[in-house]
Amino acid sequence: MRGLMQTLPLNIAWILRRAERLQAKKTVATRTHEGTAVATYGQVCERTRKLVTALREIGVRPGDRVATFSWNHQQHLECYLGVPCMGAVLHTLNIRLFEKDLVFIVEHAEDKVVVVDKSLWPVWEKVAARVRCVQATIVVPDAPGPAPPGTLDYEELIAARSPVRELPEVDENEAAALCYTSGTTGNPKGVLYSHRSNYLHSLALTMADAIGISESDRVLPIVPLFHANAWGLPYACLLTGAELVFPGRHMSPQSLLECLRERRPSLAAGVPSVWTSLLEPLKQEKERGPLSLRAILCGGSAVPPALQKAYESEVGVPIVQAWGMTETSPLASLCCPLAAHRERGPEALDALRTSQGRVVPGVEIRLVGDDGKEAAWDGRSQGEIQVRGPWIASSYYKEDAREKFQDGWLRTGDVASIDGDGYMRIADRTKDLVKSGGEWISSVALEGLIMSHPSVAEAAVIGVPHPKWDERPLACVVPRPDARGRLTREEILDFLRPKVAKWWLPDDVVFLDEVPKTSVGKFDKKVLRERFKNHALPEK
Ligand code: ADP
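Residues numbered from 1 in each chain as written. Predicted model: local features only at pLDDT ≥ 70, side-chain atom pairs only at ≥ 80, totals over all residues. Heavy atoms only, no water.

Participant: Explain the overall build of the chain to me, using residue names and the numbers behind them.
Facilitator: Counting secondary structure elements, the chain contains 16 helices and 26 strands. Relative to the compact-globule value of 24 Å for 540 residues, the chain shows a C-alpha radius of gyration of 23 Å, a close match. Dimensions of the chain, computed from the C-alpha atoms along their principal axes, are close to 75 × 60 × 50 Å. Burial status across the chain gives 58% buried among its 540 residues. (Helix = DSSP H or I, 4+ residues; strand = E, 2+ residues; numbered from the N terminus. Rg over C-alpha atoms; globule rule 2.2 N^0.38 Å. Buried < 20%, exposed > 50% of the residue type's maximum accessible area, 1.4 Å probe, protein only.)

Right, here's the structure in full:
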């Protein structure tokens, strides 16, 4: 027997309508070259409706791809709303990718219109010269000077249009947005989100045992709007009435600090490297008085336990670790303690620092061992994490990737264990595990330990070829400024010796000024592996 409830589509228009009727007075603030620009959600929604009129006049039709090549700002938020609401597909381009990848992605997606920031024009211009599909370019004036010839000015375009009143009732399973993975192996792959998946994913962010975004929050997404939907934060804020603070192109630690001071957000989100670079400035800031942040949402790569500890004790703000992928919208799991952990005391809470948490309601998880069978949730057995749920990708856009999607489950390529309470601990990405003599060494665990050394700022561990063991771990360490030239290889190894099995001990330690980062700020181990592929490990 079928239920008798209404089946209105869960689409982005719900979010728009709710924002304009119920959250109209709430604000989005953007740092610009002329100071902070503040607009209400009411104004944003009105401008979004004008954007829809403008895009229709340009020739955008349902299903067309409209790309953004932009920093985090109000106009980007308007595209987040307007493009899907008119039935088109928002394609958020990663502004930090190599030109060749951008050319591939734009052509693969067949982007018809591109919204690009004036400050990024010198980068975009080179891509534009090599692609054929783009028919119109709209420039957001985030830097002084006129719009480049042959382009449309975003603000002029909006000012001259009337707002569209009727929006189509887009089917919930239609595509709303497209985002490409960074393509660490092979070409980037397109993840095509639906209205329904984005809507449901936004709700997950509002759950109290997740990050609980609510009307009383003010959220600073440092994570770019092009990195996996900015982790769903824009839609969750518009839905709940939480306010937004965008840093625009002003991403230096100093600018972010000013953003925090001026707008006093209650929540901020970014990858671990952002929080590493903000640790010292925030410690000093805390001396001036408590910060406005109630929590920091952090994920994208493992959060070093020492970093979490430092934020808790020295900055006074807890870091909430989340795990996910572009393919999972991205929020899949999040680390919040259970009531039982609190009862078990400080040690149980401490142990959570190495955990990526439990899957949020709406996501199912299984652990699959090397033998293809499900592994036990005993905190020790390791396997590949596989997930499924209404906001998990079922395939890639125009790409046959059957090996990644098996009987309705997404194979994440992350190796982990899960404990009896359902808390998972990622040991590594399959490709980053150090394979030594047929056994695995977790680079994530070694990095976490090395980064708890008081003189270490950052550490990445990679496998380097070894004639006998296949691979052995090499620690690439960035000392803190006051320890540069002073910190020694032996000091690192002595520090690790009592903490790890003998065969886990890195064979060598090299010191770097900086760990190379990917386009979204993660440690770029591909670059490190290439750099150190011929590194001569000392005889043991
Ligand atoms: P990219 O492939 O460009 O890094 P994603 O952001 O989709 O793109 O990366 C997803 C991957 O990032 C996951 O499969 C996992 O390996 C890693 N990851 C994300 N969050 C965490 C976390 N909290 N701890 C450890 N690894 C994480």
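Participant: Describe in detail the packing of helix α3 (residues 74-85) against helix α8 (residues 233-240), supporting the description with residues and values.
Facilitator: Axis separation between α3 and α8 bottoms out at 10 Å; the angle between their running directions is 80°. When the interaxial angle is binned, α3 and α8 end up roughly perpendicular. Where α3 approaches α8, its residues Leu77, Tyr80, Leu81 and Pro84 are matched on the opposing element by Pro234, Tyr235 and Leu238. Residue composition of the contact of α3 with α8, grouped by class: seven nonpolar, no polar and no charged. (Axes fitted to C-alpha atoms, helices over the stretch in contact; angles between N-to-C directions. Parallel < 35°, antiparallel > 145°, perpendicular 65-115°, else oblique. Contact = heavy atoms within 4.5 Å. Nonpolar A, V, L, I, M, F, W, Y, C, P; charged D, E, K, R; others polar.)

Participant: So, the domain arrangement of the chain: which residues are in play, and what are the values?
Facilitator: Each assigned domain of the chain is listed here: domain 1 (12-200) and domain 2 (434-531). Inter-centroid distance (C-alpha atoms) of domain 1 to domain 2 is 40 Å. (Domains from an automatic or database assignment.)

Participant: Go over the site of the ligand, please, and point to the residues and values.
Facilitator: Surrounding the ligand, one finds 15 residues, the nearest of these being Ser182, Thr326, Asp414, Arg429 and Lys522. Between the ligand and His227, the relevant distance is 3.0 Å, taken from an oxygen atom to a side-chain nitrogen or oxygen of the residue. Here the ligand loses 92% of its free accessible area of 570 Å² to cover by the protein chains. For the shell around the ligand, the element with the most residues is strand β14 (residues 319-324), which contributes four residues. Class assignment for the residues of the shell around the ligand results in four nonpolar, eight polar and three charged. (Near = heavy atom within 4 Å. Polar contact = N/O pair within 3.5 Å; in protein donor to acceptor, adjacent residues only side chain to side chain. Areas by Shrake-Rupley, 256 points an atom, 1.4 Å probe, with all protein chains shown as cover.)

Participant: Can you break down the sheet that holds strand β7 (residues 152-153) residue by residue, with the values?
Facilitator: Pairing within the open sheet is mixed, and its seven strands lie in the order β7-β6-β5-β3-β4-β8-β9. Of all strands in the sheet, those bounded by a partner on one side alone are β7 and β9 (190-194). As paired elements, strand β8 (residues 175-180) and β9 share five bridges and run antiparallel to each other. By the bridge assignment for β9, Tyr180 is matched with Gly190. Across the sheet, helix α5 (residues 121-128) is in contact with β3 (65-69), β5 (111-117) and β6 (136-140); its angle to β5 comes to roughly 160°. (Pairing = 2+ DSSP bridges.)

Participant: Got a sec to walk through the environment of Pro234? Specific residues and values, please.
Facilitator: Considering the arrangement of structural elements, one finds Pro234 in helix α8. Of the residues examined, Pro234 reaches a relative accessible area of 0% and is grouped as buried. With 56 residues separating them in the primary sequence, Pro234 and Pro290 have C-alpha atoms 26 Å apart. If sequence neighbours within four positions are ignored, Pro234 has contacts with Leu77, Tyr80, Leu225, Asn229 and Leu244.

Participant: Residues and numbers for the packing of aromatic side chains, please.
Facilitator: In this description, a pair of aromatic rings is defined by centroid distance and the angle of the planes. Using the criterion set out here, one finds six aromatic pairs in the structure. For the ring pair Tyr396 and Phe405, a centre distance of 5.3 Å and an interplane angle of 70° mean the geometry is edge-to-face. Taking the relative accessible area as the measure of exposure, Tyr396 reaches 7% and is therefore buried. Residue classification places Phe405 among the buried positions, given a relative accessible area of 15%. (Phe/Tyr/Trp six-rings, centres within 6.5 Å; stacked < 30°, edge-to-face > 60°.)

Participant: A description of the pairing of strand β17 (residues 364-368) should follow, citing residues and the corresponding values.
Facilitator: Where a strand is regular, its side chains alternate between the two sheet faces. Of all five residues that make up β17, four are buried, and the element is covered over most of its length. Relative to strand β18 (residues 383-388), β17 runs antiparallel, the two being bridged by five bridges. If you follow Glu364 over to β18, its bridge partner there is Arg388.

Participant: With reference to specific residues and values, describe the sheet that holds strand β10 (residues 218-221).
Facilitator: Ordered by their spatial adjacency, nine strands build an open sheet running β2-β1-β11-β10-β12-β13-β14-β15-β16, and the pairing between neighbours is mixed. Only two strands of the sheet have a single neighbouring strand rather than two, namely β2 (35-40) and β16 (358-359). Sheet topology places strand β12 (residues 267-270) next to strand β13 (residues 295-299); four bridges connect them, and they run parallel. Note that in β13 the partner of Ala269 across the bridge is Leu297.

Participant: Kindly report on the pattern of salt bridges, identifying the contributing residues and their values.
Facilitator: Under the definition given, this model contains 39 salt bridges. Glu215 is paired through a salt bridge with Lys26; the nearest N and O atoms lie 2.9 Å apart. In this pair, Glu215 sits in the loop between α7 (195-205) and β10 while Lys26 sits in the loop between α1 (12-22) and β1 (27-32), placing the two residues 189 residues apart along the sequence. Among the residues examined, Glu215 registers a relative accessible area of 44% and is labelled partly exposed. Relative accessible area serves as the criterion here: at 17%, Lys26 is assigned to the buried category. For Arg165, the salt bridge identified is with Glu46, shortest N-O distance 3.2 Å. (Salt bridge = Lys/Arg side-chain N within 4 Å of Asp/Glu carboxyl O.)

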